[in-house]
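Chains, contacts and geometry: an overview
Now for the letters of each chain:
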Amino acid sequence: MTLTRAHIHQLPKVELHVHLDGCIRPSTMLELGQGQGVSLPASGPEALAKAMLVAHADSLEEYLDRYRFTVAVMQTAAALERIAYEFVVDSAAENTRYVEVRYCPALHMPALSLTQAVEAPLAGIRRGEAETGTMARLIVCGLRTLDPSVSLDMARAAVDYKGDGVVAFDLAGSEFGHPAVDHAPAFEFALGHDLPCTCHAGEGDGPDSIRQAVHVCGAHRIGHGTRLREDPDLEKELIENGVPLEICLTSNRHTHTVVDIAQHPARRYFDLGGVVTLNTDSRLMDATTITDELLIAHEQLAFTRKEIDTLILNAADSAFLPQGERQALRASLLTELEAIS
Ligand SMILES: [Zn+2]
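What you see is a predicted model, and the numbers here were worked out from it, not measured in a lab. (Residues numbered from 1 in each chain as written. Predicted model: local features only at pLDDT ≥ 70, side-chain atom pairs only at ≥ 80, totals over all residues. Heavy atoms only, no water.)

Considering the coordination of the zinc ion
Geometry sets the ideal angles at a metal, namely 109.5 degrees for four tetrahedral donors and 90 or 180 degrees for six octahedral donors. Here the zinc ion is held by H17 (NE2), H19 (NE2), H200 (NE2) and D281 (OD), and the distances to it run 2.1 to 2.3 Å. Coordination at the zinc ion is irregular, judged from the 4 donor atoms that bind it and the angles of 82 to 170° they form at the metal. As a motif over one chain, the donors of the zinc ion read H-x1-H-x180-H-x80-D. With H19 in strand β1 (residues 13-19) and D281 in the loop between β8 (276-278) and α14 (290-301), this residue pair connects regions lying 262 residues apart in the sequence. Taking relative accessible area as the criterion, H19 reaches 11% and is therefore assigned buried. (Donors = N, O, S within 2.8 Å, 3.2 Å for Na, K, Ca; no water. Tetrahedral: all angles 85-135°; square planar, octahedral: opposite > 155°, others 65-115°. Helix = DSSP H or I, 4+ residues; strand = E, 2+ residues; numbered from the N terminus. Buried < 20%, exposed > 50% of the residue type's maximum accessible area, 1.4 Å probe, protein only.)

Concerning the sheet that holds strand β6 (residues 221-224)
Read from one edge to the other, the open sheet built from 4 strands follows the order β5-β6-β7-β8, with strand pairing classed as parallel. Because the sheet does not close on itself, it has two edges, and the strands there are β5 (198-201) and β8. Strand-to-strand twist in this sheet, taken as the mean axis angle between neighbours without regard to direction, amounts to 30°. Taken together, the 2 bridges between β6 and strand β7 (residues 245-247) define a ladder with parallel strand orientation. Of the residues in β7, the one forming a bridge with I222 is L245. Here helix α15 (residues 305-318) sits on the sheet in contact with β6 and β8, set at roughly 100° to β8. (Pairing = 2+ DSSP bridges. Axes fitted to C-alpha atoms, helices over the stretch in contact; angles between N-to-C directions. Contact = heavy atoms within 4.5 Å.)

With respect to the sheet that holds β1
If you trace the 4 strands from one edge of the open sheet to the other, you get β1-β2-β3-β4, paired in parallel fashion. Of all strands in the sheet, those with a lone pairing partner are β1 and β4 (166-172), marking the two edges. Across the sheet, the axes of successive neighbouring strands diverge by a mean angle of 25°, strand direction being ignored. Contacts from helix α7 (residues 114-132) reach β2 (96-103), β3 (135-143) and β4, with the element oriented near 155° to β3.

Some points on the pairing of β5
Neither face of β5 is exposed, since T198 and H200 on one face and C199 and A201 on the opposite face are all buried. Strand direction decides the pairing type here: β5 and β6, joined by 4 bridges, are parallel. Bridge pairing in β6 places A201 opposite H224. The β-α-β motif built from β5, the intervening helix α10 (residues 207-216) and the parallel element β6 has right-handed crossover chirality. (Right-handed = clockwise from strand over helix to strand, strands pointing away.)

Some remarks on the nonpolar core
Generally speaking, soluble globular proteins have nonpolar side chains that are buried together. One finds L20, M29, Y98, F169, I222 and L249 to be the most contacted residues of the largest nonpolar core, which totals 111 residues. If we ignore the near neighbours within four places in the chain, the residues touching Y98 are K13, V14, E15, L16, T134, M135, R137, V167, A319, F320, L321 and L329. (Core = buried A, V, L, I, M, F, W, Y, C linked by side-chain atoms within 4.5 Å.)

Topic: the packing of aromatic side chains
Applying the stated criterion across every chain yields a total of 2 aromatic pairs. Ring centres of F169 and F187 lie 5.2 Å apart, and the angle between their planes is 80°; this geometry places the pair in the edge-to-face category. Separated by 18 residues along the polypeptide, F169 in strand β4 and F187 in helix α9 (residues 184-192) bring together distant segments of the chain. On the basis of relative accessibility, which here comes to 0%, the residue F169 falls in the buried class. On the basis of relative accessible area, F187 is assigned to the buried category, the value being 0%. Between R127 and the ring centre of Y85, over which it is positioned, the NZ or CZ distance is 3.7 Å. Here the guanidinium or amino end of R267 rests over the ring plane of F303, the centre of that ring lying 4.3 Å away. (Phe/Tyr/Trp six-rings, centres within 6.5 Å; stacked < 30°, edge-to-face > 60°. Lys NZ or Arg CZ within 6 Å of the ring centre and 35° of its normal.)

Description of helix α11 (residues 232-240)
Every buried residue of α11 is listed here: L234, E235, L238 and I239. One face of α11 carries all of its buried residues, which in axial projection span an arc of 130°. Exposed and facing more than 90 degrees away from the buried side of α11 are P232, D233, K236 and E240. Looking at the buried side of α11, the elements it contacts are α10, β6 and α13 (266-271). (Arc of directions from axis to C-beta.)

Listed below in structure tokens is the structure:
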């Protein structure tokens, strides 16, 4: 059966890997830029959306460079709150029922205090959740390119807000030449305080980076994990252990992690029994939505409706929620999915 975009749009969805600073509405970005005197690469929403799209980045680094424009307009508590709120509203419009959105508070300092930099987006996602019913939680990131002491500060902040909207710690940023092992103390702190961890790995660097994320840093999930197939033993281990992979198809094509989506290993990992989840990474820089990502999986990787349901349920099962909430989420998704033929 060929699925339409409308069919996939109506499915209840879960998203686990998306960056808050990659999801600003172009109109909001322009408004905030004008209000804050930040110059942006275009003056109209459509032109700005085009300028922010990273369809032809030569590297992960060039892709990440776009973020300096979004981060520039996210230096007040009101802007962070609004962007987080609008992100949840936009997620709800995709019929997303649960979303974990990530960002690095250090990028909003020293304009904001660490407390403000965490509490502003928390207020925004709470407002969005109250209004739409879409559950939203925050993942606090350290960055590979910043000093490891900053990552440790971010992990401490994440732990401080554990149970209050923050559900995990992540390590993001330029992967090549910036090994996760340098940031191991941040992971150790988070895990030592029962805060789960994920880690970007296997996107800008090879399987050894994934090995570090899992074996040295103790990550429960892997952000991307695209290059896992290059190490058959590690691939077998992660698949057997059910380590969830936060796959971002369009983003991987934009960063040239894969040459084209039809050859993306997501299909292979899924067929081998891996816990594959699909995600956008960013709505703005990748000009995509979670609906689009599932549609692309259907059209280019031959995921059937039944398999798409599994991708959605995999994401629910991999959510960094307390067990009871995770099970309730799965049960309600299953009921909804079964009602849509
Ligand atoms: Zn990412």
